[in-house]
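Residue-level listing of the chains:
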Amino acid sequence: MQSNVRPESMQRITTPELAAAFIDEQVKEIREQVGDKKALLALSGGVDSSVVAALMIKAIGKQLVCVHVNHGLMRKGESEQVIEIFGKELDANLVYVDASDRFLDLLKDVSDPEKKRKIIGGEFIKVFDEEASKLEGISFLAQGTIYPDIIESHGVKAHHNVGGLPEDMQFELVEPVKLLYKDEVRVVGEALGLPHAMVYRQPFPGPGLGVRCLGAITRDRLEALREADAILREEFDNSGLAEKVWQYFIAVPDFKSVGVKDGKRYEGWPAIIRAVNTTDAMTATIEEIPYELLHLITDRITHEVDGINRVLLDLTPKPIGTIEWE
Ligand code: XMP
């Protein structure tokens with residue numbers, strides 16, 4: 001078994017060749033560790049869990065059971081992508097759970113950000129646990145732990161993470177990328193044939209759109225947020241900004257302003273654009289967005305998204321503003 005310390009001599013994985021060698025070595029190790037038993041993985045569709053899934057599927061095929069919990073707070077198209085890539089293309093043993101109603105019912109009328117996080121985190125564990133207990137003969141739990149999670153175990157991901165699992169689960173862990181840095185996980189992911197967009201996906205908080213649909217979440221405002229966010233992402237992709245900006249998203253607060261549409265009074269929510277650059281998420285700077293692009297995004301969001309009547313730009317660096325609004 002690997003230790004939790006990356007040896008000084010370990011080469012940084014920067015090329016497809018180095019990634020291929022890493023993959024061969026891990027496939028062998030995973031096969032040795034798991035044997036003919038079964039492993040379980042919570043597959044969020046994020047970079048780390050996706051790469052671990054692809055690696056494990058290569059090593060043990062259908063002995064890996066992937067569980068994807070859709071908490072109803074995913075971005076547009078994300079759960080569909082997980083089903084497409086893992087369920088169809090990689091022919092994985094994938095359990096898809098649409099738990100949207102459970103989460104949204106529990107979150108109804110809850111406006112306190114920490115309460116929202118606790119509900120989402122707690123319910124995630126419950127749903128995952130329920131699915132796990134339906135499965136027979138699981139001996140291993142695969143996890144997308146990466147090296148920064150180990151060395152910064154007091155850091156952002158650890159105390160934020162929704163993917164935390166019940167402590168009483170009696171599984172042995174399989175953590176094939178735990179000595180890798182994020183950039184290496186991405187190189188390995190591409191070598192495994194995962195789509196570029198999945199491997200280079202921007203960070204997305206575990207509670208998902210739940211912390212961007214500010215205050216008490218309603219289904220209509222959540223839907224408006226999801227559509228506006230999809231437009232922002234599309235335009236960042238088209239303009240090349242997606243490659244330059246670390247994290248960019250929309251937040252939608254729970255108040256309305258007056259507007260006018262088709263000659264009639266039109267009350268709607270504002271969509272707030274946040275686009276930041278950072279290396280460690282502890283501090284962040286504001287990325288310049290060309291005005292032309294801002295106008296285009298504003299035009300599309302206000303015309304294409306039901307319920308939004310203004311677009312605002314958040315110019316606050318961290319500190320003082322955190323990256324997320326909640
Ligand atoms: P803040 O808002 O604290 O965010 O400046 C720093 C980074 O952490 C992400 N973040 C989260 N990630 N669960 C997560 O997994 C969370 O609850 C959470 N809250 C914030 C945020 O997106 C940013 O990248």
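One numbering rule holds for all chains: residues counted from 1, following each sequence as written. At least 70 in pLDDT is required for a residue's local features to be given in this predicted model, at least 80 for side-chain atom pairs to be given and counted, and no such filter applies to totals for whole chains, interfaces and linings, which use all residues. Where side-chain values are given, they derive from all heavy atoms of the structure, hydrogens and water being excluded.

## Considering the overall build of the protein chain
Point 1. Counting secondary structure elements, the protein chain contains 11 helices and 11 strands.
Point 2. In terms of overall dimensions, the protein chain is globule-like: its C-alpha atoms have a radius of gyration of 21 Å, near the 20 Å expected for 326 residues.
Point 3. Seen through its C-alpha atoms, the protein chain measures out along the principal axes to roughly 70 × 40 × 35 Å.
Point 4. Only protein chains enter the calculation, and the probe is 1.4 Å; a residue is then buried if its accessible area is under 20% of its type maximum, exposed if over 50%, and partly exposed in between. For the protein chain, buried positions account for 51% of its 326 residues.
Point 5. Two residues form a contact once any of their heavy atoms are found within 4.5 Å. The long-range fraction of contacts in the protein chain, counting pairs at least 24 apart against all pairs at least 6 apart in sequence, stands at 78%.
Point 6. If the 38 positive side-chain charges of the protein chain are averaged to one point and the 54 negative ones to another, these points end up 3 Å apart. Helix and strand assignments follow DSSP, with helices taken as H or I runs no shorter than four residues and strands as E runs no shorter than two, numbered in order from the N terminus. A radius of gyration in this sense is built from C-alpha atoms; the matching globule rule multiplies 2.2 Å by the number of residues raised to 0.38. When charges are counted, Lys and Arg are positive and Asp and Glu negative, with His and the chain ends excluded. Throughout, a charge is located at the NZ atom of Lys, the CZ atom of Arg, the CG atom of Asp or the CD atom of Glu.

## Some points on helix H5 (residues 113–134)
Point 1. Multiplying one less than the number of residues by 1.5 Å gives the expected span of a helix. With 22 residues, H5 ought to run about 32 Å at 1.5 Å a step, and its terminal C-alpha atoms sit 32 Å apart, in line with that.
Point 2. For H5, the complete set of buried residues consists of Lys 116, Arg 117, Ile 120, Gly 121, Glu 123, Phe 124, Val 127, Phe 128, Glu 131 and Ala 132.

## Some words on the nonpolar core
Point 1. Only buried residues count toward a nonpolar core. Its members are Ala, Val, Leu, Ile, Met, Phe, Trp, Tyr and Cys residues joined through side-chain atoms within 4.5 Å. Judged by nonpolar contacts, the single largest core of 47 residues is most densely connected at Phe 236, Ile 250 and Ile 301.
Point 2. For Ile 301, the residues in contact, after removing those within four places along its chain, are Ala 228, Ile 231, Ile 250, Ala 271, Ile 308 and Val 311.
Point 3. In this structure, Leu 41, Val 51, Leu 192 and Met 198 belong to the second largest nonpolar core, which totals 39 residues.

## Description of the pattern of salt bridges
Point 1. What counts as a salt bridge is simple: a side-chain nitrogen of Lys or Arg found within 4 Å of a carboxyl oxygen of Asp or Glu. As enumerated under the stated definition, the model contains 24 salt bridges in all.
Point 2. Between Asp 48 and Lys 182 there is a salt bridge, with its nearest N and O atoms 3.1 Å apart. Here the residue Asp 48 occupies a position in helix H2 (residues 47–60), and Lys 182 occupies one in helix H8 (residues 182–191), the gap between them amounting to 134 residues.
Point 3. Classification of Lys 182 by relative accessible area gives partly exposed; the value is 30%.
Point 4. With a shortest N-O distance of 2.8 Å, Arg 102 and Glu 123 are connected by a salt bridge. In this pair, Arg 102 sits in helix H4 (residues 100–107) while Glu 123 sits in helix H5, placing the two residues 21 residues apart along the sequence.
Point 5. Among the charged side chains, a network of salt bridges with common partners joins Glu 234, Glu 235, Arg 300 and Glu 304.

## Quick notes on the packing of aromatic side chains
Point 1. Stacked, edge-to-face and tilted labels apply to pairs of Phe, Tyr and Trp rings (six-membered ring for Trp) whose centres lie within 6.5 Å, assigned for plane angles under 30 degrees, over 60, and everything in between, in that order. In total, this model carries three aromatic pairs according to the counting rule given.
Point 2. Residues Phe 124 and Phe 128 carry aromatic rings whose centres are separated by 6.5 Å and whose planes lie at 5 degrees to one another, so their mutual orientation is stacked. Residue Phe 124 and its partner Phe 128 are both found in helix H5; the two are separated by four residues, about one turn of the helix. Residues Phe 124 and Phe 128 agree in their burial class; the two are buried.
Point 3. Each ring, one from Tyr 147 and one from Tyr 181, has its centre 5.6 Å from the other, and the planes form 90 degrees; the classification is edge-to-face. Placement of the pair is Tyr 147 in helix H6 (residues 147–151) and Tyr 181 in the loop between strand S5 (172–174) and H8, with a sequence separation of 34 residues.

## Thoughts on the sheet that holds S5
Point 1. Taken in spatial order, the five strands line up as S3-S2-S1-S4-S5 in an open sheet, and their pairing is parallel. Looking at strand neighbours, the two that pair on one side only are strand S3 (93–98) and S5, the edges of this open sheet. Put simply, the sheet's adjacent strands are angled 30 degrees from each other on average, direction ignored.
Point 2. Working convention: axes come from line fits to C-alpha atoms, limited for helices to the stretch in contact. Angles between N-to-C directions cover 0 to 180 degrees. Relative to the sheet, H5 contacts strand S1 (38–42), strand S2 (64–70), S3 and strand S4 (138–142), its axis offset from that of S1 by approximately 155 degrees. At least two DSSP bridges between two strands are required for those strands to pair.

## Section: the environment of Ala 230
Point 1. Along the polypeptide, Ala 230 turns up in helix H10 (residues 219–239).
Point 2. Exposure remark for Ala 230: the relative accessible area of 17% places this residue in the buried category.
Point 3. Each C-alpha atom of the pair Ala 230 and Glu 84 lies 18 Å from the other, and the pair is 146 residues apart in sequence.

## Concerning the pairing of S4
Point 1. Counted residue by residue, S4 has four buried out of five residues, so it is predominantly covered.
Point 2. As paired elements, S1 and S4 share four bridges and run parallel to each other. Paired with Leu 41 across the strands is Ala 142, a residue of S4.
Point 3. Note: S4 against S5, three bridges, orientation parallel. Looking at the pairing, Leu 141 lines up with Leu 173 of S5.

## Considering the pairing of strand S6 (residues 247–251)
Point 1. Counting buried residues in S6 gives five out of five residues, a clear majority hidden from the surface.
Point 2. What you see with S6 is no split at all: Gln 247, Phe 249 and Ala 251 on one side and Tyr 248 and Ile 250 on the other are buried throughout.
Point 3. Taken together, the five bridges between S6 and strand S9 (residues 269–277) define a ladder with antiparallel strand orientation. Residue pairing across strands places Gln 247 opposite Val 276, the latter belonging to S9.

## Points about H4
Point 1. All of the buried residues in H4 are Ser 100, Phe 103, Leu 104 and Leu 107. Buried residues of H4 fall within an arc of 90 degrees about the axis and therefore sit on the same side.
Point 2. Taken together, the buried residues of H4 touch S2, S3, H5 and H10.
Point 3. Following H4 by one or two positions, Asp 109 adopts a phi angle in the positive range, close to 65 degrees. Comment: arc refers to directions from the helix axis out to C-beta atoms.

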